[in-house]
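In case you want the letters, here they are:
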Amino acid sequence: MMKKASPQKFITISSLSILLSMLTVIFGAPLLRVLRKTYGPWAFWILGLFVTGAAWLLNAQPLALFIGSVWMTLGAYNEMEQKGFGWWLSGILSVLLGTGAACASIFGAFKVNGINTYAEVQKLVEQFTDKVQQMNPNVKLDSSILMQQTPSAIVILLILALGVGLIFERRVFSWLNLPHEKIASQLKLLEYRLPDYFIWVAMIAFLLTMVSFGGKAIAILAVNVVNVALVLYFFQGLAVLEVFLRSVRAGVFTRVLAYIILIGQLRSEEHTSELQSH
């Protein structure tokens, strides 16, 4: 028998979601989804403003940036989902809103710390890459490439947070023994499939990374689009794999092995591409 929401569970969900968001950024997402659906928009948004504001006032601007943008993305997606928007439109708009919140936070952090020019930002990034390489000499970072691909890195982070929230939401409801209300417009994860036209967006972007048609700015934009497309198609691959595993009634060991092989293959291909680029 499912138990009703209680103030004690609100404290538990809030504390765990904040802790996981601070430690991992994305793995607090399922708890945030449960928080919004169980206790409503007022509790969700007020808590988000409080946590983000506290992190900012404690001079932890990067933490405020990550938590605030993820909170915005998940909250916006849920509001659109409640209003009957399709998952694709809800996902695009919520990620755009989250990215906008992240950009505003970055701009505000720069202003607070007296960073006003592109050269100052580039110097800050160079200092960051130097520290990372000093801590791990095997890691090779190019500050200019890092700056160019920061937009897609932010978008990918928000997509991962949204994906993790949607995938593990039901498990968290079950773990907390809370009733789970289904929504007609809710995405069925096993039916996740990108629109057919998106393959053309990805292919054109990939072509622009190989052949220069419009100068460096177009190439940088294309690389960012390709990065995001890879993550979206990764989730589609997971959905296909899960459907296959269910169709053959795979056990726990087979599932774990399949996912290990998948992740291992991705890491192997990434390593090979790095070697080829060098």
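A. The overall build of the protein, seen in detail. Check the secondary structure of the protein and you find 10 helices and zero strands. Counting from the amino terminus, helix and strand elements in the protein follow one another as α-α-α-α-α-α-α-α-α-α. Counting every atom, the protein has about 17,100 Å² of accessible surface; 69% of that belongs to carbon and sulfur.

B. Local environment of unusual backbone geometry. Backbone geometry at Val25 places phi at a positive 70 degrees, although glycine is not the residue there. With respect to the element layout, Val25 can be found in the loop between α1 (7–24) and α2 (29–57). Backbone geometry places Asn59, a non-glycine residue, at a positive phi of 65 degrees. You can see Asn59 is positioned in the loop between α2 and α3 (61–82).

C. Structural context of the packing of aromatic side chains. Here the structure, examined in full by the defined rule, presents seven aromatic pairs. Taking 5.0 Å as the distance between ring centres and 70 degrees as the angle between the ring planes, the aromatic pair formed by Phe10 and Tyr39 counts as edge-to-face. On the criterion of sequence distance, the pair formed by Phe10 in helix α1 and Tyr39 in helix α2 is long-range, its members being 29 residues apart. Measuring from centroid to centroid gives 5.6 Å for Phe44 and Trp71, while their planes differ by 45 degrees, and the two rings are tilted. Taken together, the residues span a long stretch of sequence, with Phe44 in helix α2 and Trp71 in helix α3 at a distance of 27 residues. Residue Phe44 shares its accessibility class with Trp71, and that shared class is buried. Aromatic ring contacts, followed pair by pair, group Trp87, Trp88, Phe198 and Tyr233 into a single cluster.

D. How the structure looks around the environment of Gln82. Looking at the element boundaries, Gln82 is found in helix α3. Given a relative accessible area of 41%, Gln82 falls into the partly exposed group. Along the backbone, Gln82 and Lys37 are 45 residues apart, and their C-alpha atoms lie at a distance of 9.7 Å.

E. Region of the structure containing α2. Taking 1.5 Å of rise per residue, the 29 residues of α2 would be expected to cover 42 Å, yet its terminal C-alpha atoms sit only 23 Å apart, more than 12% below that figure. The largest bend in α2 is about 135 degrees, located at Gly40, with the proline Pro41 one to four residues further on. Two residues or fewer past α2, Asn59 is found with a positive phi of approximately 65 degrees.

Rules used throughout
- Residues numbered from 1 in each chain as written.
- Predicted model: local features only at pLDDT ≥ 70, side-chain atom pairs only at ≥ 80, totals over all residues.
- Heavy atoms only, no water.
- Helix = DSSP H or I, 4+ residues; strand = E, 2+ residues; numbered from the N terminus.
- Areas by Shrake-Rupley, 256 points an atom, 1.4 Å probe, with all protein chains shown as cover.
- Phe/Tyr/Trp six-rings, centres within 6.5 Å; stacked < 30°, edge-to-face > 60°.
- Buried < 20%, exposed > 50% of the residue type's maximum accessible area, 1.4 Å probe, protein only.
- Expected span 1.5 Å × (residues − 1).
- Bend = angle between axes of the 7 residues up to and from the residue.

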